[in-house]
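Reading the structure
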Amino acid sequence: MGGDHSVDAAIDGVLLALERGHATPDSVILTGDEAVIRRALADRGSDAAFRIVHAEDELGDIKSPVEAMRSRPRNSVALGIGLLQSGEAGAFVSAGNTGLVVASAVRGLKCLEGIRRPGIAATIHGESAPFTVIDVGANPQPKPLHLLHYAIMGSAYYREAFGTERPRVGLLNIGSEDSKGNPLAIESSQLLKQAQANFEFVGNVEGVDVFRGVCDVVVSDGFTGNVLLKVSEGTAEYLMRAFAGLLADAEVTSERQRTILQSMNARVDFSEYGGALLLGIEGIVTICHGRSKGPAICNAIRVASQAVDAHVNQHIVDAARQASAAT
């Protein structure tokens, strides 16, 4: 029920996921206002037999996750997390309030063995290949140990998603030298350098380098990572608009413009990757951008399904055990 486009985006995304073979009606559970959901399905001429879990509590203008969990506990996010907790679902996808999704997941689900704090991992298309940034919003004030765990989790995910045997990890910082950064960055850099884990630590990386492919996984505190993500999205949208204007000024044919822009959009549009995974908890939680429409929701379902099938959480636990045994 959350997100800028609410039920419409969710239903469009689910139906598109069915069309593209990412899901089947019996593999999807919808949580929210049952009457609204059924009406949205009917409006689209769908007779798919989805299971619907009715959420009688609507969040409305409530912004505080704590207030939402306390005063309206049967909201669509809480019920979705509850399905994970009970084992009735293997993954939860939401475009609702990120703070609420994270708080509900942390409250309702245990952290994975060997992991102290969950982190949100977002994948972005770089110059030569995708790279994953973790954390982009779950933990704005982490400790160095949490950043080590982010590196372990991000690497385990990247390995399974992209087939890279030993992912390269970089620590987002204001300079590449070991002495650069605040105390968190300096201490975290030393911890990552000493870790005997499932990744290759390439040192500090600056914001200007992350799109160049210097590393596969970028580790950051949640505040800085979120700024990186949002600035990247805004810059991509600006460049798309500017590029479209230049093509028009150059009198490139409409058909050619469309082909070029579609190719470019596939590389920079956040909806292509769907959502960000909340790694480190018992269950797969995919957090979508609030502006997500049907295609983004569809791709988020694909990402969540792939994470379940790839047993990402078990790989994270195995990697955490390996790192712990090596210290």
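Report on the accompanying structure. The structure displayed is predicted, hence computed values, not measured ones.

**Side note on the nonpolar core**
If you look at the biggest cluster of nonpolar residues, it comprises 34 residues, and the most contacted ones within it are I81, L278 and V285. Tallying contributions element by element places helix 4 (residues 76-86) first for this core, with five residues. When residues no more than four places from it in sequence are discounted, the contact partners of L278 are V102, A105, P118, G119, I120, A138, V285 and I287.

**So, the pattern of salt bridges**
The final tally for this structure, using the stated rule, is 13 salt bridges. As a salt-bridge pair, E56 and R74 come within 2.8 Å of each other at their nearest N and O atoms. Here R74 lies in the loop between helix 3 (65-71) and helix 4 and E56 lies in the loop between strand 2 (51-54) and helix 3, a separation of 18 residues in the sequence. Residue E56 is classed as partly exposed on the basis of its relative accessible area, which comes to 43%. Exposure remark for R74: the relative accessible area of 37% places this residue in the partly exposed category. Residue D318 pairs with R321 through a salt bridge whose shortest N-O separation is 3.9 Å. Note that D318 and R321 are positioned in helix 11 (residues 312-326) at a spacing of three residues, about one turn of the helix.

**Concerning the pairing of strand 9 (residues 275-279)**
Most of strand 9 sits out of view: five of its five residues are buried. Of the pairings in the sheet, the one linking strand 4 (residues 119-125) to strand 9 comprises three bridges and is antiparallel in character. Its bridge partner lying in strand 9, G119 is registered against L279. With four bridges connecting them, strand 9 and strand 10 (residues 284-288) associate as antiparallel partners.

**Structural notes on the side chain of S76**
Inspection of the secondary structure assignment puts S76 in helix 4. In contact with S76, other than residues within four places in its own chain, are M1, T31, G32, A55, D57 and F92.

**Quick notes on the packing of helix 4 against helix 5 (residues 98-108)**
Interhelical geometry of helix 4 versus helix 5 gives an angle of 35° and a closest axis separation of 10 Å. In this structure, helix 4 meets helix 5 at a crossing whose hand is right-handed. Between helix 4, through V77, I81 and Q85, and helix 5, the contact on the second element is made entirely by L100, V101, S104, A105 and G108. Its residues assigned to classes, the contact of helix 4 with helix 5 shows five nonpolar, three polar and no charged.

**So, the packing of aromatic side chains**
Going through the model one piece at a time under the given rule, you end up with two aromatic pairs. Judged by centre distance (5.2 Å) and plane angle (85°), the ring pair of F131 and F211 falls under edge-to-face. Of this pair, F131 sits in strand 5 (residues 130-134) while F211 sits in the loop between strand 7 (200-205) and strand 8 (217-219), and the two are 80 residues apart along the sequence. Using a relative accessible area of 2% as the deciding quantity, one classes F131 as buried.

**Looking at the pairing of strand 7**
Here strand 6 (residues 168-172) pairs with strand 7 via five bridges, running parallel. The partner of R168 across the bridge, within strand 7, is E200.

Rules and cut-offs
- Residues numbered from 1 in each chain as written.
- Predicted model: local features only at pLDDT ≥ 70, side-chain atom pairs only at ≥ 80, totals over all residues.
- Heavy atoms only, no water.
- Core = buried A, V, L, I, M, F, W, Y, C linked by side-chain atoms within 4.5 Å.
- Buried < 20%, exposed > 50% of the residue type's maximum accessible area, 1.4 Å probe, protein only.
- Helix = DSSP H or I, 4+ residues; strand = E, 2+ residues; numbered from the N terminus.
- Contact = heavy atoms within 4.5 Å.
- Salt bridge = Lys/Arg side-chain N within 4 Å of Asp/Glu carboxyl O.
- Pairing = 2+ DSSP bridges.
- Axes fitted to C-alpha atoms, helices over the stretch in contact; angles between N-to-C directions.
- Left-handed = near helix turned anticlockwise from the far one by under 90°.
- Nonpolar A, V, L, I, M, F, W, Y, C, P; charged D, E, K, R; others polar.
- Phe/Tyr/Trp six-rings, centres within 6.5 Å; stacked < 30°, edge-to-face > 60°.

These figures capture arrangement, not role.
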